[in-house]
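Chain by chain, the residues:
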Amino acid sequence: MRLNKLFASMMLLGASYSGTGLADTFTPFTVTDIQVEGLQRVALGAALLSLPIKVGDRVDQLKLQQAIKSLYATTNFDTVSVSNDNGVLVVSVKERPTISEVTFEGNKDIKDEQLQESLDGSGVKVGEALDRTMLSGIEKGLQDFYYGVGKYGAKVEAQVINLPRNRVELKFKFTEGLAAEIRQINIVGNSQYSDAELIGMLELKDYVAWWDLFGERRYQKQKLQADLETIKTHYHNNGFIRFEVTSTQVAMTPDRKGLYITINVDEGEQYKVKDVNLTGDLMGREELMRAILPIKAGDQYNGADVTFTEEMYSKYLGRFGYAYPEVKTFPEIDDENKEVTLNVNVKPGKRVYVRSINFTGNTVTKDEVLRRELRQMEGAWLNSANVELSKNRLNRLGFFETVDTETVQVPGTDDLVDVAFKVKEQPSGSFNAGIGYGTESGISLQFGVQQSNFLGTGNQAGINVNTNKYSKNVSLSYSDPYFTKDGVSLGGNIYWNEFDANEANLERYKNSSYGVALSSGFPINEYNRINGGIGFRHNTISEISAYEQALRFYNIYRDADDPNADLSFNNFELNAGWYRSTLNRGTFPTDGSSQRLSGKMSTPGSDLQYFKTDFDTSFYFPITRSHNFVVLTRARLGYGNGYGDFNGNDQILPFWENYYSGGSSSLRGFKSNSVGPRSFYVVRGSEPCSPDPSGDGCGLPGDPNQIQVSQGRSIGGNAVATASLELIVPTPFLDEAYSNSVRTSFFVDAGNVWDTEFDYDKYRTLPAEEFAKLEDYSDPSRIRASWGMSVQWLSPMGPMVFSLAWPIKEYEDDETEIFSFNIGKTF
């Protein structure tokens, strides 16, 4: 560019200088004054400062050449000429026009924002002077981009539209044309792997199946380079250390619509590892470092193992404050014996200490909430394991979509760094709402509110007012996970609830309850925590259907003088639990496991004496290093029963404390709460149907000895076991930027709810025809199963779950639900 300007200056000097005649008759003169003509946007002072000539100077032809070059160098002028008017140096300029607007037309493959960003880097933007000499280079660069994506018929034209006051509109017109398709990919020189095997690894394709609606055969230069690396990596990982891609050819068809790609390879031979030597500064830990070495003599050479070894040792050294270790492997290749000796050289470098830890991106969450989760301390040496643990703890809070870390060296030092945590917050409040539709259930609705990061303090608060067709609930809850600086939590809640089981797809009863509870938790170590609490609950049970299982409970506690009266109970409850988690994230984890064991019991002396124990576990197994594909296994076990006796009768688990299954959070494909024991009625003659609130008899007319059995609705049981196996996959058609807020999985669910206290044999005295209507609800082997897919989305109003599921194993009276949608639950 400078040569062009110099050439233009010389040409203009020779062609436009008009003081005393032609350039070859030029006579030096003394400058008595300087005049600049043609200025519009550029200030006179700025132009004079660019001139290397001052009044009183004696100028010759060389000085005038330098003056013109200096003015062109400012990039403000299209043309410059000088003349001598009786000692007055007259400088005539034509300013470059100012860019008033930049527009794009016809571009589809490149967004306007990308184009403008590229132009900004070249200085072509609104408000700047237009350098016309750059336009042809910009046109060519844009065309080269299109060629790189296979559009060889693309054209780019820059148009300059003149506007008043020396302004211009710069318009880029694009004719993109069609992308050239890959007609054929040929690999030459391969014998160990077939063409089909190698081409199958490539991102570029020369064939797309008819059913692959989103596949394409479009050529892209960048993809070709990545594919060559894929082939090279595959061979290196399988022992072919001498493998090379010797050449590639991309040939275009005459009509410029098709491409033939030829990749020439030299496979070489497979090599084995002869020996592995550890060299350098091993800090006295050679024995341990050799013990964890994943490569052994006699193994087939594997490039991935070499890379893994280097990364492993770097992380190991990072635990001791060596933030910038150099671990490099130098292979010694024995071509005669087809062996390679690996020399792993270790340079720990200098131990590094942390000066400060900084946070960015937490606009809502307070710094202290993040800082109390850290295990890397300021002033201590940099420990990569503690930094990673701190990152995982922040992720497990569930407040952030992403957490990234970076170590920044302090300028002027070689042993101090700052650790920067960059977080991206996500909604931590949620609507506990949902809608479902099933083949028999129709539409169901629910609603509620919860905030798990109240005012950015990390505390949990909830003011829930839930109402739907079967439940009314009001609750106030608050929990401080760091009531003490050691991580002891304290929380409590007050609640009132009315529940109509008949409207919840369960056998009829109503439960009105209120209560208060306090809870506290204690950390054992980084991964384990125990908690406990105490509470009071009052229940009033009314309008109970006279099914057999309810009568079993009702007959223990009913008032003999008023058998149809409501039942009221006051219970004091104790609860305790253990929770363990190594999950890498609080929401949408991809690695690690969690286990929760919890139990509660009413205290001796309460109106009801019972207990419940629950165990939940989940394991995440990433299949790929990028965690795009993950296997999730989940299981739940629960059991409850009564203890002690009441008026000579063994106490049993209250039926409103039963376990249920089915729905979007357990056995998908089955209607919510529908899996497990169902109520049944045994009507013997004209016996009363206590505790029917009407008091009317419900016997059969006619023969008082006639017996009839009729089935009812779901009632749950005192034992539950469910399990799920899921494959988490990348969400189709979704940008990778949303991978932390949307999750797609394919699943198989299985499980059952049963009643261990149900005495099936007791009813064998019934007539055979009526007994045949009963199922053994104490049988845990009556397992249901389903399969389907689920999509979860962390929306601004809380997590949403969409599920499609179909039963694999079901029983005659089961209620299925193909589609379900829920807000407020993630797993």
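In the block above lies the structure referred to throughout.
Residues numbered from 1 in each chain as written. Predicted model: local features only at pLDDT ≥ 70, side-chain atom pairs only at ≥ 80, totals over all residues. Heavy atoms only, no water.

Student: What exactly am I supposed to notice about the packing of aromatic side chains here?
Tutor: Pairs of aromatic rings are described using the distance from one ring centre to the other and the angle between the two planes. Applying the stated criterion across every chain yields a total of 29 aromatic pairs. For the ring pair F536 and F572, a centre distance of 5.2 Å and an interplane angle of 50° mean the geometry is tilted. Taken together, the residues span a long stretch of sequence, with F536 in strand β26 (residues 528-542) and F572 in strand β27 (residues 567-581) at a distance of 36 residues. The interplanar angle of 10° and the centroid separation of 6.1 Å between the aromatic rings of F619 and F621 together place this pair among those described as stacked. Counting every residue linked through ring pairs, the aromatic cluster contains F499, Y509, F553, Y557, F569, F646, F655 and W656. (Phe/Tyr/Trp six-rings, centres within 6.5 Å; stacked < 30°, edge-to-face > 60°. Helix = DSSP H or I, 4+ residues; strand = E, 2+ residues; numbered from the N terminus.)

Student: Help me out: how do you make sense of the sheet that holds strand β13 (residues 326-334) in this one?
Tutor: Pairing between sheet strands relies on hydrogen bonds along the backbone, with the strands arranged either parallel or antiparallel. If you walk across this open sheet you meet the three strands as β12-β14-β13, and the pairing is mixed. At either end of the open sheet lies a strand with only one pairing partner, and these are β12 (272-280) and β13. On average, each strand axis in the sheet is inclined to that of its neighbour by 20°, with strand direction left out of account. Sheet analysis places β13 next to strand β14 (residues 339-347), joined by nine bridges and oriented antiparallel. Each bridged residue has a counterpart across the sheet, and for V327 the counterpart in β14 is V346. Contacts from helix α9 (residues 303-318) reach β12, β13 and β14, with the element oriented near 150° to β13. (Pairing = 2+ DSSP bridges. Axes fitted to C-alpha atoms, helices over the stretch in contact; angles between N-to-C directions. Contact = heavy atoms within 4.5 Å.)

Student: How should the side chain of T744 be read in this particular structure?
Tutor: Examined against the element boundaries, T744 turns out to sit in strand β36 (residues 742-754). Of note is the side chain of T744, whose polar atom sits 2.9 Å from the side chain of T731. If we ignore the near neighbours within four places in the chain, the residues touching T744 are L727, I728, V729, T731, P732, M789, S790 and V791. (Polar contact = N/O pair within 3.5 Å; in protein donor to acceptor, adjacent residues only side chain to side chain.)

Student: Looking at this structure, I do not really get a negative patch on the surface. What am I missing?
Tutor: On the surface, a cluster of negative charge is contributed by D559, D561, D562 and D566. Structurally, the position occupied by D562 is in the loop between α12 (548-557) and β27. (Patch = residues over 30% accessible without salt bridge, like charges linked within 9 Å, V, L, I, M, F, W, Y side chains within 5 Å. Areas by Shrake-Rupley, 256 points an atom, 1.4 Å probe, with all protein chains shown as cover. Salt bridge = Lys/Arg side-chain N within 4 Å of Asp/Glu carboxyl O. Lys, Arg positive; Asp, Glu negative; His and termini not counted. Charge placed at Lys NZ, Arg CZ, Asp CG, Glu CD.)

Student: Can you help me understand the sheet that holds strand β17 (residues 416-425) in this one?
Tutor: The sheet built from three strands is open, its strands ordered β15-β17-β16 with mixed pairing. Both edges of this open sheet fall to β15 (353-360) and β16 (400-409), since each of them pairs with a single strand only. This sheet shows a mean twist of 20° between the axes of neighbouring strands, independent of strand direction. Where β15 lies against β17, seven bridges are found, and the strand directions are parallel. Paired with S356 across the bridge in β17 is D418.

Student: Help me out: how do you make sense of a nonpolar patch on the surface in this one?
Tutor: On the surface, a cluster of nonpolar side chains totalling about 700 Å² of accessible area is made up of L725, V748, W787, L804, W806, I808, I818 and F819. With three residues, the single largest contributor to the nonpolar patch is strand β38 (residues 798-809). Counting through the fold element by element, W787 comes out in strand β37 (residues 784-795). Residue classification places W787 among the partly exposed residues on the basis of a relative accessible area of 44%. (Buried < 20%, exposed > 50% of the residue type's maximum accessible area, 1.4 Å probe, protein only.)

Student: It is not clear to me how the pairing of strand β29 (residues 610-622) should be interpreted in this structure. Could you clarify?
Tutor: Where a strand is regular, its side chains alternate between the two sheet faces. Of the pairings in the sheet, the one linking strand β28 (residues 592-602) to β29 comprises ten bridges and is antiparallel in character. Looking across to β29, one finds that K600 is bridged to K612. Sheet topology places β29 next to strand β30 (residues 630-642); 13 bridges connect them, and they run antiparallel. By the bridge assignment for β30, T617 is matched with A635.

Student: Honestly, the nonpolar core in this entry has me stumped. Any pointers?
Tutor: Side chains of nonpolar character tend, in soluble globular proteins, to be buried together. Counting 24 residues, the largest nonpolar core has Y509, I544, F553, F569, F655 and W656 as the members making the most contacts within it. Of all elements in the fold, only α12 and β27 reach the threshold of two or more residues within this core. Here this core gets five residues from one element, more than from any other, and that element is α12. When sequence neighbours within four positions are dropped, the list of residues in contact with F569 reads R537, H538, N539, I541, F553, Y557, D607, L608 and W656. (Core = buried A, V, L, I, M, F, W, Y, C linked by side-chain atoms within 4.5 Å.)

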